[in-house]
Amino acid sequence: MTTNKETILETSGLTKKLGGKPVVKDVNLRIGRGDIYGFLGPNGAGKTTTIRMLLGLAKPTRGSIRIFGKDISKDRLAILRSVGSLVEYPSYYGHLNAIENLEAVRRLLTVPKNRIDEVLSVVRLTKDAKRPVKGYSLGMKQRLGIATALLGNPELLVLDEPTNGLDPAGILEIRELIKSLPKSHGVTILISSHLLSEIEQMATRVGIIAKGSLIYEDRIEKLRERSQGHIHLGVSEPEEAWKLLSASGVKASLVEGKLTVAEKNNAAIAAIVARLVGERHQVYRVEEEKVSLESIFLDMTGVEGSL
Amino acid sequence: MIGMIRSEWIKLRRSVVWLLAAVSPLFVAVIGMVELEKEADFPWVAVLSIASALHAMLFLPLLVGIFSALVCRYEHASGGWKQMLSLPVSRMQVYAVKLGMVMLLIAVTQLLLLLFVLLLGFMKGFGGDIPWSLLMKSMLGGWVACLPLAALQLFVSIAFHSFATPLAVNVILTLPNMLIVNSSQYGPYYPWAQPMLAMMPREDYGFGAFNLSMETLFIVVLGSFCVFGLAGLIYFQKKSV
């Protein structure tokens, strides 16, 4: 589906070594126009390092980054004109108020002054715009960070852990805001998080990074499919039933007296049950065991990753 | 470029450090008020000597350090570097504008000093014409001589996240000034001593490094400015933020 979309961002063999140790290894990201790309990984997996390279804040040891079809090492300024970002924690000048903060950034972009009022209303900070930012709550600072990222009408928005340290209400608010952006402003978004539950509710595509390597990249639906579990059958004689099913070509397994079939669709299950009943087996239970996305994520990233 | 200067201005204008620019000239004026005899033979030269000894030897190098740390402080404090450098700006421009801001603040300090010296002259009723060329040479010379130090302190201020480190470095290296200005061998090469050497009126004092001609001093000043400035710029270009 995304393959025929225009590619906005592409990295190939992106590698960063710090002190000889690779922090990011051979990462190949691909983000299409209009995607909300969830960049997932445990803390310390290399998300922020990758994002800093995407923004030209750090130089890759190896590999290339192309954004809007341009190479970041050659056309950094042209690329950054259309990229808005919020990296790690919000950046702000505490002694200035929100308007002055945005004005300091606006002077470096070429956008009209009324953009400041627009972005302030998008993040609903208009009321507090004249207070020094150092007195803001974390959520307000975070929102100001997003406002700053939006200021230059970016085509690509890079948000690194935008809900970090927010309370549930703040998280919900930011999530709704982020979800609304591609629709209302036609923006492509790269959003990183260490929480799958966060990303799951916003992203259209996900990339999972662990120990510096990108171990998964696909549509969120593909990941969800993996979480559809197996069907367990509770029967009177599991062993006999297993033999019967196996003989008739159904993929089934028997572990510790528990009969499990790989089929998931309704018709197939109905056929299996009918067959068992036809052979005078007593079927007590047909139940689905769901694997949570969270545990798939844990499996992928290794349990030692902090979540 | 103009946009970036205005952006820096927005960040700077709310700072109280502005007041510091007035402290040193005020000091000079007060000391001048108390110390100077109305009948001094060359009152303007005497004022400039006080200014050199107090302002140029001690306060000016300290102020250069404070201003350099200041223009980096709000960038270090809450991720400003990160935000600024992920905008469409070149690092060379950022560096040049920061250095420019430091020199602008120094220029303000020097102008205030000039103003206070003139006020002192009027209040004390110094005789004769105002020796504009002597005064301007001293003020402007002092400003130019701050260039290498500004580049050096900006380098240190960019490199260290803390506000105190560059200041501590600066204080420690400013104090030996009193000794170093007396050495004709080392004085001209010591960035912390250069402002004083440049500001001292040359006509009648001539000891240690003060024997040096203005030309020699300024060749050294501009040479070392190029070296420190370039080193700082290269470091900044390569720095990961």
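An account of the accompanying structure is given in this report. Being a predicted model, the structure only gives us computed values, none of them experimental.

Digging into the packing of helix 2 (residues 18–35) of chain B against helix 5 (residues 91–124) of chain B
Residue and element names in this part refer to chain B.
For step 1, the next point in the chain: Where helix 2 contacts helix 5, the two axes come as close as 9 Å, and the packing angle between them is 25°. On the basis of their axis angle, the class for helix 2 and helix 5 is roughly parallel. Between helix 2 and helix 5 lies a crossing of right-handed hand. From helix 2, W18, A21, A22, P25, L26, V28, A29, G32 and M33 reach across to helix 5, where they touch L105, V108, T109, L112, L113, F116, L120, M123 and K124.
For step 2, the next point in the chain: Split by residue class, the contact of helix 2 with helix 5 holds 15 nonpolar, two polar and one charged.

Considerations on the packing of aromatic side chains
All names here are of chain B.
For step 1, the next point in the chain: In total, this model carries six aromatic pairs over all chains according to the counting rule given.
For step 2, the next point in the chain: Ring centres 5.3 Å apart and planes at 45° place the aromatic pair Y190 and W192 in the tilted group. The exposure classification of Y190 matches that of W192, with both residues buried.
For step 3, the next point in the chain: The ring of F163 has R73 sitting right over it, with the charged end atom 4.8 Å from the ring centre.

Some thoughts on the interface of chain A and chain B
For step 1, the next point in the chain: The interface is formed by 29 residues belonging to chain A together with 27 residues belonging to chain B.
For step 2, the next point in the chain: Counting the surface chain A buries against chain B, the share from its top three residues, L57, Y93 and L108 of chain A, is 27%.
For step 3, the next point in the chain: Linking chain A with chain B are two salt bridges.
For step 4, the next point in the chain: We note a salt bridge from R13 of chain B to E100 of chain A, for which the minimum N-O separation is 3.7 Å.
For step 5, the next point in the chain: Inspection of the region where chain A meets chain B yields 16 residue pairs in polar contact (both at pLDDT 80 or more).
For step 6, the next point in the chain: Elements with a minimum of two residues in the side of chain A that touches chain B: helix 2 (76–80) and helix 3 (98–106) of chain A.
For step 7, the next point in the chain: Sort the elements by how many residues they give to the side of chain A that touches chain B and helix 3 of chain A lands first, with four residues.
For step 8, the next point in the chain: For the side of chain A that touches chain B, the class distribution of residues is 15 nonpolar, five polar and nine charged.

The rules behind each value
- Residues numbered from 1 in each chain as written.
- Chains lettered and ligands numbered in written order.
- Predicted model: local features only at pLDDT ≥ 70, side-chain atom pairs only at ≥ 80, totals over all residues.
- Heavy atoms only, no water.
- Axes fitted to C-alpha atoms, helices over the stretch in contact; angles between N-to-C directions.
- Helix = DSSP H or I, 4+ residues; strand = E, 2+ residues; numbered from the N terminus.
- Parallel < 35°, antiparallel > 145°, perpendicular 65-115°, else oblique.
- Left-handed = near helix turned anticlockwise from the far one by under 90°.
- Contact = heavy atoms within 4.5 Å.
- Nonpolar A, V, L, I, M, F, W, Y, C, P; charged D, E, K, R; others polar.
- Phe/Tyr/Trp six-rings, centres within 6.5 Å; stacked < 30°, edge-to-face > 60°.
- Buried < 20%, exposed > 50% of the residue type's maximum accessible area, 1.4 Å probe, protein only.
- Lys NZ or Arg CZ within 6 Å of the ring centre and 35° of its normal.
- Buried area = accessible area lost by both parts, 1.4 Å probe.
- Salt bridge = Lys/Arg side-chain N within 4 Å of Asp/Glu carboxyl O.
- Polar contact = N/O pair within 3.5 Å; in protein donor to acceptor, adjacent residues only side chain to side chain.

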